[in-house]
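Take a look at the letters that make up each chain.
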Amino acid sequence: MEANRRQPNGIQLLLAAEQEAQRIVNAAREGKMARLRQAKEEAEKEIAAFRAQMEAEFQRKVAESSGDSGANVKRLEQETEAKIAHLKTEAARISQDVVQMLLKQVTTVKN
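Below is a short write-up of the structure. This structure is a prediction, so every number in the text was calculated from the model and none was measured.

**Some thoughts on the overall build of the chain**
Along its length, the chain carries two helices and zero strands. Across the 111 residues that make up the chain, the buried fraction comes to 0%. Total accessible area on the chain stands at roughly 10500 Å², and carbon and sulfur atoms take up 59% of it.

Written as structure tokens, this is what we have:
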């Protein structure tokens, strides 16, 4: 008879232990979810700050390059004119030699 009294008490004890374990698991799960939410929020803040920094740097570079486009065009025109002048002087310098070589090749008869 005493064994019968202990058994319901043992079942109650097991149920109470199971409820306590479930409470502990739920608390741990909620803590984990809270930490994940906090980490996600912090990551989103960092991403937003990084994105803003990169966007500002991009806009600065765009402003620098577009501001210099007139200077770049002028510089390229000057370089092109210098190259054209160089080619003209080289052509004038060697044109007489080329003409002499062509005349020699045309007038030389080979057997």
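There's more to say after this.
**Regarding the pattern of salt bridges**
A full pass over the atoms with the stated rule returns four salt bridges. The partner of Arg23 in a salt bridge is Glu20, and the shortest N-O contact between them spans 2.3 Å. Of this pair, Arg23 and Glu20 both sit in helix H1 (residues 2-67), three residues apart, which is roughly one turn of the helix. For Glu20, a relative accessible area of 36% puts it in the partly exposed group. Of the charged contacts, one joins Glu90 and Arg93 as a salt bridge, the two residues approaching to 2.7 Å between their closest N and O atoms. Of the two residues, Glu90 and Arg93 both sit in helix H2 (residues 69-107), three residues apart, roughly one turn of that helix. You can call Glu90 partly exposed: its relative accessible area is 28%. The exposure class assigned to Arg93 is exposed, which follows from its relative accessible area of 55%.

**Examining a negative patch on the surface**
Side chains of Glu41, Glu42, Glu44 and Glu46 sit close together on the surface and give a patch of like negative charge. By the element assignment, Glu42 lies in helix H1.

**Let's talk about a nonpolar patch on the surface**
A contiguous nonpolar surface patch, about 340 Å² in accessible area, is contributed by Ile94, Val98, Met101 and Leu102. In this fold, Met101 is placed in helix H2. Overall, Met101 belongs to the partly exposed group, its relative accessible area being 49%.

Reading guide: rules and limits
- Residues numbered from 1 in each chain as written.
- Predicted model: local features only at pLDDT ≥ 70, side-chain atom pairs only at ≥ 80, totals over all residues.
- Heavy atoms only, no water.
- Helix = DSSP H or I, 4+ residues; strand = E, 2+ residues; numbered from the N terminus.
- Buried < 20%, exposed > 50% of the residue type's maximum accessible area, 1.4 Å probe, protein only.
- Areas by Shrake-Rupley, 256 points an atom, 1.4 Å probe, with all protein chains shown as cover.
- Salt bridge = Lys/Arg side-chain N within 4 Å of Asp/Glu carboxyl O.
- Patch = residues over 30% accessible without salt bridge, like charges linked within 9 Å, V, L, I, M, F, W, Y side chains within 5 Å.
- Lys, Arg positive; Asp, Glu negative; His and termini not counted.
- Charge placed at Lys NZ, Arg CZ, Asp CG, Glu CD.

So far we have only geometry, and geometry alone does not tell us how the molecule works.
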